[in-house]
Amino acid sequence: MPDMITVSDDLTFALTNRFFSYVFRVSPEGILEHLHYGGPLCEPLDVAVHHIRTQRSVASTFQGGHYFSLGDTPQEFPSFGTSDYRFPALHGRNSDGNTIFSLRHKSHEIVTRKPRLKRLPSARGGSCETLIITLEDPLHKLEVELLYTIYAEQGVLVRAAKFSNCGEKEIQLQHAFSSALDLPQDDYEILHLHGTWAREFNEERIDMPKGRFVVDSARGTSSAAHNPFLALLQKGTTEDFGRVYATTLIYSGNFALSVERGEFEDVRLLAGINPFNFHWRLKPGKTFCTPEALHVFTDGGLRAMSHIWHDFVREKITPKRFKDTPRPTYLNTWEAAYFDVDEDKVLALADKATDIGVDMLVLDDGWFEGRRDDTSSLGDWVADAARFPSGIPSLARRVKEKGLKFGIWFEPEMVNPKSALFEAHPEWILHVPGRTPSLGRNQLTLDLSRNDVVEYLFSQIDAILSCGDIDYVKWDMNRHMTEVGSADLPRNRQREVSHRYILGLYKLLKRLTKKYPNVLFENCASGGNRFDLGMLSFMPQGWVSDMCDPVGRLEIINGASYLYPLDTTAAYIGPSPNHQNGRVSSVQTRFLAGVFCAARGISLNEADIAEHYDELIAWMDFAKKSGADMVGGRFDRLIRNGNEVCWQYTTQDKRTVYVAYFHILSAPNLPFRRARLVGLEPHADYMLVEDGARYKGDALMQNGLPMPYVSTDQVRDTVRYMEKGDFSSYLFTFKRG
Ligand code: DGJ
């Protein structure tokens, strides 16, 4: 492996691989001055454009120096109050009671590995190098280690910061961002993903305003309101053109991604824990670790950006054990029966599941003591004695005797006021003295910052998983946090609770997934309310949304795919009319909207199954046969406008290419459309499975593939038609010759 990190004698640092160069230097004052982040440079230490030092009227000059203001200096880790007025990466209170910190270069080290973070999930190593820069504030004895990891085969730069109190007095951290990126002036647009329950991952693209723009969460989970993702785009960026700087975090709690366009048009991007309502007491001798921030640069547009993310998430984030493992097809009881589940019903659905050829039966919410609706029982993780008299282990065994796998739902982090657990331990919830805790879906949040709560949850879940017949766990979480306080912490540590909660959650997940490496865990939070790389570090797949209507789900999957490979997602054929928006759609379109998700299944009752029996058999058969295809392949967005979506999926071995096309509302006399495919081998033959027609790769990429036509008059046999009417869909399958 060639050296990817180089350092000059006068302390310029360059990180370079085939995807990017990242360059900064130590200024004469000892400040880390950012020089370049962009395409790879052959002589990165010789970057042409340095920061120009100039005297600006009214600017404050840094600590008496001439022509040097931090206010217009691009920096690696800015603090506040010493001539820079922009939002800082570090802000806090020192033992003198003021907030002025001044960080200077102290030392640096290069290691040929990827350091792991204590108590936080972090990207895996491999062929990589890490530059560790130590900055210090000698006055207040604060040291900040900046970690930069570059990989030989990945386009992602991983950053994190560690704050150590090397003095004898307490330091209080308020801003402890993971990374700061000061980019030069340009005409940027911002792309981010926002939403709410059942409408997650909506994309918004806006011109970068002057001032500060933030996507963040103060809800305790990373949340559906803003997924932890933000990209700065060269104006006019398309799928295959444009410079893109994109960022995310390996974190599941309150985060912030802040962009600020300063007075000289420079742009600062900060990524990390949300400073709002955060406060960490750093005692002498203690270190605080931030979550990892991930950065991607490409000049190849959104498609190249997504490929870099997808590859990285698969290679370095999600559990290796499931990396190229086809996921079982499944029948989930939720939209089939909601809370009305019992042993007989589950066994009857298991029979249906066997008949239509799915691999796994998933028992969703409603199985535990007294749980007949969402008003009670969370916390009491024992099978309901009346409805599941033989208990979960025996049910799991009986389901498995039918040749199926067995999966089960938990919502471990929650408790209902009406539950034995709450009666026994009212102090175990997040709460603050003198305030009535607010409810969300009739439930309260357990205080996972407490060790005893984490221990208790481990023992409860372990008691069920240890029967050995559980193949899958759906880990749900259905509310935002309020009155965030802990009875276990002193008054002056209450603003640490949100972060400590996430550390407790990670501890629990780490222990469980280590003990049960073969159990497939699926992350869910009312759908995509905590869909992030923190959770994906423990669970290979997640439930992106409760929106199972195909039209709604197309947008959600399209948005999620900017960052997440679809083999981290699950989808099922739900009922029609759809339970979330009432739309009627065909089984085919319901299936195809999720066709490129790794985990595919159904959630239908016996009557619906009977009505669509043959079609379900056919689609589940397709899902099973294509299961191996849907892990590790390449996903491309080809068309997306208000009325059409077209996606391409190319399998890992590049031998099979699927193209899914969706036409939302029909209309008379429409134009004929074509999609230009991408990433094929120009000279190879691609055979369309449905009719044996052969196309050259270059023809499909340059000339395009005609999309099927929606028309009420299906008369010409030279035209490929779709179903008549609204919400039509079509799937092409090509085999490379
Ligand atoms: C919310 C999830 O998103 C649903 O799929 C289902 O599991 C319910 N919770 C159960 O309460």
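The structure we're discussing is the one just above.
In this text the structure is predicted, and so the values were computed from the model without any measurement.

*Asks:* What exactly am I supposed to notice about the site of the ligand here?
*Replies:* Around the ligand sit 13 residues, and of these D364, D365, K474, D476 and D546 come closest. In the environment of the ligand, an oxygen atom lies 3.1 Å from a nitrogen or oxygen atom belonging to the side chain of W409. D476 has a polar side-chain atom sitting 2.7 Å from a nitrogen atom of the ligand. Relative to its unbound accessible surface of 290 Å², the ligand loses 98% to contact with the protein. Residue classes in the shell around the ligand are distributed as four nonpolar, three polar and six charged.

*Asks:* Sorry, what's going on with a positive patch on the surface here?
*Replies:* Together, R116, K320, K510 and K514 make up a positively charged patch on the protein surface. As for its placement among the helices and strands, K514 is situated in helix α7 (residues 497-515).

*Asks:* Mind showing me how you'd approach the nonpolar core here?
*Replies:* One recurring pattern in soluble globular proteins: nonpolar side chains tend to sit buried together. In terms of nonpolar packing, the biggest core is built from 197 residues, with F163, W367 and F596 touching the most fellow members. Tallying contributions element by element places α7 first for this core, with nine residues. Contacts of F596, omitting those with residues within four sequence positions, involve L566, M630, F635, W647, Q648, Y649, Y658, A660 and L731. Residues V659, Y661, L688 and L700 belong to the second largest nonpolar core, which totals 22 residues.

*Asks:* I would appreciate a short explanation of the pairing of strand β9 (residues 156-165) in the present structure.
*Replies:* Consecutive side chains along a regular strand alternate between the two faces of the sheet. Within β9, 10 of the 10 residues are buried, which leaves it mostly tucked inside the rest of the structure. Counted along the chain from strand β8 (residues 142-151) to the antiparallel partner β9, the turn is four residues long. Note that β9 and strand β19 (residues 287-289) share three bridges and pair antiparallel. Note that in β19 the partner of K162 across the bridge is C289.

*Asks:* How should I be thinking about the sheet that holds strand β3 (residues 21-26) in this particular structure?
*Replies:* What links the strands of a sheet is backbone hydrogen bonding, and the strands pair in either a parallel or an antiparallel sense. A sheet is described by the order of its strands in space; here four strands give the open sequence β1-β2-β3-β4, paired in antiparallel fashion. The open sheet has two free edges, formed respectively by β1 (5-7) and β4 (32-38), since each of these has just one partner strand. Within the sheet, the average angular offset between the axes of one strand and its neighbour, ignoring direction, is 15 degrees. Alignment of β1 against strand β2 (residues 12-16), held across three bridges, turns out to be antiparallel. What sits directly across from V7, in β2, is F13.

*Asks:* I'm lost on the pairing of strand β16 (residues 255-261) in this one. Help?
*Replies:* Counting buried residues along β16, seven of its seven residues qualify, which places the element largely inside the surrounding structure. Burial along β16 is two-sided: F255, L257, V259 and R261 and A256, S258 and E260, pointing in opposite directions, are all buried. The sheet contact formed by strand β13 (residues 211-216) and β16 spans six bridges and is antiparallel. Following the sheet pairing, V215 is matched in β16 by L257. With seven bridges joining them, β16 and strand β17 (residues 267-273) adopt antiparallel strand pairing. Directly across from F255, in β17, lies its bridge partner I273. As consecutive antiparallel partners, β16 and β17 are separated by five residues, and within that stretch E265 has a phi angle of approximately 75 degrees, a positive value.

*Asks:* Looking at this structure, I do not really get the packing of helix α6 (residues 451-465) against α7. What am I missing?
*Replies:* The description of two helices packed together rests on the angle between their axes and the distance between the axes. Closest axis-to-axis distance for the α6/α7 pair is 10 Å, and the angle between their directions is 30 degrees. By the criterion of interaxial angle, the relationship of α6 to α7 is roughly parallel. Considering how the two elements wind past one another, α6 and α7 form a crossing that is right-handed. Across from N451, V454, E455, L457, F458, I461 and D462 in α6, the residues of α7 making contact are G504, K507, L508, R511, L512 and K515. Of the residues in the contact of α6 with α7, the class split is six nonpolar, two polar and five charged.

*Asks:* How should I be thinking about the packing of aromatic side chains in this particular structure?
*Replies:* A ring pair, where both rings are aromatic, is described by two values, the distance of the centres and the angle of the planes. Throughout the structure, instances matching the rule amount to 46 aromatic pairs. Note on F591 and W619: the rings are 4.9 Å apart at their centroids and 25 degrees apart in plane angle, and the pair reads as stacked. You can see F591 sitting in helix α10 (residues 587-592) and its partner W619 sitting in helix α12 (residues 613-625), a full 28 residues away along the chain. Residue classification places F591 among the buried positions, given a relative accessible area of 2%. For the cation-ring pair, R53 lies above F68, with the distance from its terminal atom to the ring centre recorded as 3.9 Å. Directly above the ring of W543 sits K474, whose terminal nitrogen or CZ lies 5.4 Å from the centroid.

Criteria and cut-off values
- Residues numbered from 1 in each chain as written.
- Predicted model: local features only at pLDDT ≥ 70, side-chain atom pairs only at ≥ 80, totals over all residues.
- Heavy atoms only, no water.
- Near = heavy atom within 4 Å.
- Polar contact = N/O pair within 3.5 Å; in protein donor to acceptor, adjacent residues only side chain to side chain.
- Areas by Shrake-Rupley, 256 points an atom, 1.4 Å probe, with all protein chains shown as cover.
- Nonpolar A, V, L, I, M, F, W, Y, C, P; charged D, E, K, R; others polar.
- Patch = residues over 30% accessible without salt bridge, like charges linked within 9 Å, V, L, I, M, F, W, Y side chains within 5 Å.
- Salt bridge = Lys/Arg side-chain N within 4 Å of Asp/Glu carboxyl O.
- Lys, Arg positive; Asp, Glu negative; His and termini not counted.
- Charge placed at Lys NZ, Arg CZ, Asp CG, Glu CD.
- Helix = DSSP H or I, 4+ residues; strand = E, 2+ residues; numbered from the N terminus.
- Core = buried A, V, L, I, M, F, W, Y, C linked by side-chain atoms within 4.5 Å.
- Buried < 20%, exposed > 50% of the residue type's maximum accessible area, 1.4 Å probe, protein only.
- Contact = heavy atoms within 4.5 Å.
- Pairing = 2+ DSSP bridges.
- Axes fitted to C-alpha atoms, helices over the stretch in contact; angles between N-to-C directions.
- Parallel < 35°, antiparallel > 145°, perpendicular 65-115°, else oblique.
- Left-handed = near helix turned anticlockwise from the far one by under 90°.
- Phe/Tyr/Trp six-rings, centres within 6.5 Å; stacked < 30°, edge-to-face > 60°.
- Lys NZ or Arg CZ within 6 Å of the ring centre and 35° of its normal.

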